[in-house]
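Tertiary structure, described
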Amino acid sequence: MAASVHHEFRTETRKVLNILTNSLYTNREIFLRELISNASDALDKLRFTQNKGQSPCQPDLPLEIAITIDKEHKILTIRDTGIGMSREEMAENLGTIARSGSEQFLADLAKESDAKAGEEGEAKPDAAQIIGRFGVGFYSVFMVASKVEVTSRPAYGDAPAATWVSDGLGTYSVEDAGDNAPERGTVIVVHLKEDAEEYLEKYRLESVIKKHSGFVPFPVLLEGEKVNTQPALWREPKFSVTKEQYTEFYKALTYDHKDPQDQIHLAVDAPVQFNALIYIPDTEADIFGMGRDHWGLDLYARRVLINHENKDLLPEYLAFLKGVVDTEDLPLNISRETLQENVVIRKIQQTLVKQVLGHLEKMAKGDPEAYEKFWQRHGRVFKMGYNDFVNRDRIAALLRFNSSEHEDNNGLISLETYMERAREGQKTIWFVCAPNREAARLNPHTEIFRRKGLEVLFLCEPIDEFVMEGLGKYKEWDIKSVESATDEQLKDFSDKADDKPKAAPLTDDDTAAFDKLLARIKEILGDKVKDVRLSHRLADSPACLVSDDGMSSSMEKFMRVMQKDDSVPVKVLEVNRDHGLMRAMLRIFKADATDPVLTDMAQGIFDTSLLLDGYLKDPQALASRTNTLLAQAGAWYAEVKKI
Ligand code: ADP
Ligand code: MG
């Protein structure tokens, strides 16, 4: 028989253990939640195999978790009758940090404790957050243990029971189990550190279990007494569930330390029977980051857990939701593969989507403030619903935007509100894409909209443009980028009163000269522009670049990145005849059409337009031309002032 074999923890694992054993955390008590949840998972796995008709060893053992205290030896024991682990499985599951990215884990952890230390001298990191975020459940036991012995007997096969032992420092060993091996499942013997002796007190353990493990679906016995007494909440009638129970269950389910924003509790009979308890968290989901794969609902069939994070029950744009679905209409022994194609699952998904959208609609109407809060947290994910063709109109109505009419970033309106307060005769919803609100406001293309009092939606996230392009229309209104606006589309909207002094109109002579100046600028810029023409959209800027095909510059940029095209696009340069800069050019041009300063000015105008469009390739040239022009301007200024 194999004797005791010593192993070194892998370096990464060792680093994590080192942090867990040597740092003091608040909320250390959750180590117990982690051990109970592992025991519960093991029982779930066993029940799942039984439901498929397999027969484990000792089939009559009850499915339960038992916790006992040995005050004399300062030992806490957690035992389950679950699926168990073989020797190899123990080495595999308990010897390494299972989740990849532990380098990231350590970096984040270091950052976190640095930040904490910076905040207030003595602040300790919260263990719950760290463990919840990085999924190092089992290892959390080393926050309170000086030594841990895990003895396990697999429920299937005839592998003998084995014991895994470690002090959580550098090594662990695996050996044959002694006489205290369980008949089936796993026994975890925790030798408590001196400073963790509070976990030998029964009342202390009881409150920890009730607090964190109240909804575990198997009996948890403490010194022989059952302490978790919570029902399967989602199956209870709605009226009998209190807000506290909802919140408590949410926290047990998600480990989120904040209360949920809202919940949707459903009992549906047709087209399929199911109960669901779905939560809208008050914390933003990390769907685009580390938490990419961690979404989905817990799927139960007749109160038996089929799987965690089931991703077929929700479309991706509702990935921020948490919760449980329990149906009578699925066989317990369904495999994961067939689950995906299952009609029942598809029908549940469709019903859930309808219910969730209905709930959001009600919230948007009845409690706009709550809806805005929802939007701030989850709008980024929810927007992806633009490609759910079946529900597109409902989703479009639920979108919110910041716009030119708002004072700051916090304002939000719906497309509906936009349309209601649009100008008489307006049939287009206008938007501009920019990296932030300030850039959107300063975008030259929005000037004419400001002048005419036409509201513009500000889109500041990369996905926004796809959402708008994807929608294309809303209730017969076109949705368009301000960059694609033509004079024709805007001519019916008169200018709103404007207290800014207007430039004097040009004489006929000057108008003709200006046309020639445009041709001269085109000559100077050559192939860099498609054309140079008069603009009707500008007020405060001397010029801007427009593309004739109506594609907005940010979309164009995206396409170029996709095609790895880093050339500068050739566009039309539109100039503002009433701008002081253009008027000055006109004067110089009329005096001498070949004056070299015209070249510098034309180049400069072009460069700043490129800069605003995000395409400037040669900042040195721009800087040096600007400096030359400034030097000339300074000299002339001194001349005129006679100083
Ligand atoms: P997680 O539970 O997120 O997988 P843990 O660190 O809590 O991560 O546990 C690591 C693994 O160890 C589990 O996935 C499981 O395979 C195994 N394990 C831990 N405790 C038990 C147990 N009581 N019975 C069977 N397997 C267990
Ligand atoms: Mg775990």
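If you're wondering where the values come from, they're calculated on a predicted model, not measured in any experiment.

This next bit is on the overall build of the chain. Secondary structure summary: the chain contains 21 helices and 22 strands in total. The globule rule puts the C-alpha radius of gyration for 643 residues at 26 Å, and the 34 Å found for the chain is more than 25% above it. Considered along the principal axes of its C-alpha atoms, the chain spans approximately 110 × 60 × 40 Å. Taking all 643 residues of the chain together, the buried fraction comes to 48%. Taking all contacts inside the chain whose residues are at least 6 apart in sequence as the whole, residues at least 24 apart take part in 72%. Accessible surface, the chain as shown: approximately 31,800 Å² in total, 50% of it carbon and sulfur.

Here we take up helix α19 (residues 580-591). Taking 1.5 Å of rise per residue, twelve residues should cover 16 Å, and α19 covers 17 Å from first to last C-alpha, within 8% of that figure. On its buried side, α19 packs onto α17 (508-525), β22 (571-575) and α20 (596-613).

Looking at ligand 1, the residues that line it are Asn 38, Ala 39, Ala 42, Asp 80, Met 85, Asn 93, Leu 94, Gly 137, Phe 138 and Thr 186. Within the side chain of Asn 93, one N or O atom sits 3.1 Å away from an oxygen atom of ligand 1. With respect to ligand 1, the side chain of Thr 186 contributes an N or O atom lying 3.3 Å from a nitrogen atom. With the chains in place, 76% of the 540 Å² that ligand 1 exposes on its own is no longer accessible. Per-element accounting of the shell around ligand 1 gives the leading share, three residues, to helix α2 (residues 30-51).

A few words now on the domain arrangement of the chain. If you check the domain split of the chain, you get domain 1 (5-110 + 128-226), domain 2 (233-366), domain 3 (401-490) and domain 4 (508-550 + 561-641). Between the C-alpha centres of domain 3 and domain 4 there is a distance of 27 Å. Opposite the eleven residues of domain 3 that make contact, domain 4 presents twelve residues. For the domain 3 face of the interface with domain 4, the top three residues by lost area are Pro 444, His 445 and Glu 447, together amounting to 47%. Connecting domain 3 to domain 4 are zero salt bridges. Across the domain 3-domain 4 interface, the total number found is eight residue pairs in polar contact (both at pLDDT 80 or more). Broken down by element, the residue count for the side of domain 3 that touches domain 4 peaks at four residues, all from helix α14 (residues 447-451). Among the residues making up the side of domain 3 that touches domain 4, the classes are represented as four nonpolar, two polar and five charged.

On to the pairing of strand β17 (residues 456-459), then. On β17, burial covers both faces: Val 456 and Phe 458 on one face and Leu 457 and Leu 459 on the other are all buried. As defined by bridge partners, strand β15 (residues 402-403) adjoins β17 across two bridges and the pair is classed as antiparallel. Each bridged residue has a counterpart across the sheet, and for Asn 402 the counterpart in β17 is Phe 458. Pairing geometry for strand β16 (residues 428-433) and β17, over four bridges, is parallel. Note on β17: the bridge partner recorded for Phe 431 is Leu 457.

Turning next to empty space enclosed by the protein. All chains considered together, the criterion is met by one cavity of 30 Å³ or more. Considered as a void within the structure, the largest cavity measures approximately 30 Å³ in volume. Ile 448, Ala 485, Thr 486, Asp 487, Leu 490 and Arg 537 together form the lining of the largest cavity. Taken together, the residues of the lining of the largest cavity break down into three nonpolar, one polar and two charged.

Glancing now at the sheet that holds β16. Read across the sheet, five strands follow the order β15-β17-β16-β19-β18 without closing on themselves; strand pairing throughout is mixed. Bordering the open sheet on either side are β15 and β18 (473-474), each of which pairs with just one other strand. Direction of pairing for β18 relative to strand β19 (residues 477-481): antiparallel, over a ladder of two bridges. Pairing of Lys 473 across the sheet is with Asp 478, part of β19. The strands touched by helix α15 (residues 462-471) within the sheet are β16, β17, β18 and β19, with β17 carrying the most contacts at an inclination of about 135 degrees.

To continue, consider the environment of Lys 473. Along the chain, Lys 473 falls in strand β18. Each C-alpha atom of the pair Lys 473 and Val 325 lies 35 Å from the other, and the pair is 148 residues apart in sequence. Ignoring anything within four residues of it in the chain, the contact list for Lys 473 reads Asp 478 and Ile 479. Here Asp 478 takes part through its side chain, which lies 2.8 Å from a polar atom of the side chain of Lys 473.

Turning to the state of the cysteines, a few remarks are in order. Disulfides are covalent bonds that connect the sulfur atoms of two cysteines. Inspection of every chain in the model, using the stated rule, returns zero disulfides. Here Cys 460 is not cross-linked by a disulfide; its sulfur's nearest cysteine counterpart is in Cys 433, at 8.4 Å. Overall, the relative accessible area of 28% leaves Cys 460 in the partly exposed class.

This part takes up the pattern of salt bridges. For the structure on display, the rule yields 34 salt bridges. Two residues, Arg 47 and Asp 44, come together in a salt bridge whose shortest N-O distance is 3.6 Å. Within this pair, Arg 47 and its partner Asp 44 are both found in helix α2, separated by three residues, close to a single helical turn. Connected through shared salt-bridge partners, Lys 258, Asp 282, Lys 373 and Arg 377 make up one network.

Turning to unusual backbone geometry, a few remarks are in order. Put simply, Ala 270 and Pro 271 share a cis peptide bond, and its omega is 0 degrees. For Glu 223, which is not a glycine, the phi torsion comes out positive at approximately 50 degrees. By the secondary structure assignment, Glu 223 is in the loop between β8 (220-222) and β9 (225-226). Judged by its relative accessible area of 38%, Glu 223 falls in the partly exposed class.

Once that is clear, we can look at the packing of aromatic side chains. Within this structure, the stated rule accounts for 17 aromatic pairs. Here the aromatic rings of Trp 164 and Tyr 172 are separated by 5.7 Å at their centres, their planes lie at 25 degrees, and the arrangement is stacked. Both residues of the pair, Trp 164 and Tyr 172, count as buried. Here a set of aromatic residues connected by ring pairs shows up, and it is made of Phe 9, Phe 138, Tyr 139, Phe 142, Trp 164 and Tyr 172. Across from the ring centre of Trp 295, 5.6 Å away, lies the NZ or CZ of Lys 311, which sits over that ring.

Reading the values: rules and limits
- Residues numbered from 1 in each chain as written.
- Chains lettered and ligands numbered in written order.
- Predicted model: local features only at pLDDT ≥ 70, side-chain atom pairs only at ≥ 80, totals over all residues.
- Heavy atoms only, no water.
- Helix = DSSP H or I, 4+ residues; strand = E, 2+ residues; numbered from the N terminus.
- Rg over C-alpha atoms; globule rule 2.2 N^0.38 Å.
- Buried < 20%, exposed > 50% of the residue type's maximum accessible area, 1.4 Å probe, protein only.
- Contact = heavy atoms within 4.5 Å.
- Areas by Shrake-Rupley, 256 points an atom, 1.4 Å probe, with all protein chains shown as cover.
- Expected span 1.5 Å × (residues − 1).
- Near = heavy atom within 4 Å.
- Polar contact = N/O pair within 3.5 Å; in protein donor to acceptor, adjacent residues only side chain to side chain.
- Domains from an automatic or database assignment.
- Buried area = accessible area lost by both parts, 1.4 Å probe.
- Salt bridge = Lys/Arg side-chain N within 4 Å of Asp/Glu carboxyl O.
- Nonpolar A, V, L, I, M, F, W, Y, C, P; charged D, E, K, R; others polar.
- Pairing = 2+ DSSP bridges.
- 1 Å grid on protein atoms, 1.4 Å probe; cavity = no way out; pocket = protein on both sides within 12 Å on 5 of 7 lines; lining within 4 Å.
- Points joined across faces, edges and corners; volume = space filled by probe spheres on them.
- Axes fitted to C-alpha atoms, helices over the stretch in contact; angles between N-to-C directions.
- Disulfide = S-S within 2.5 Å.
- Phe/Tyr/Trp six-rings, centres within 6.5 Å; stacked < 30°, edge-to-face > 60°.
- Lys NZ or Arg CZ within 6 Å of the ring centre and 35° of its normal.

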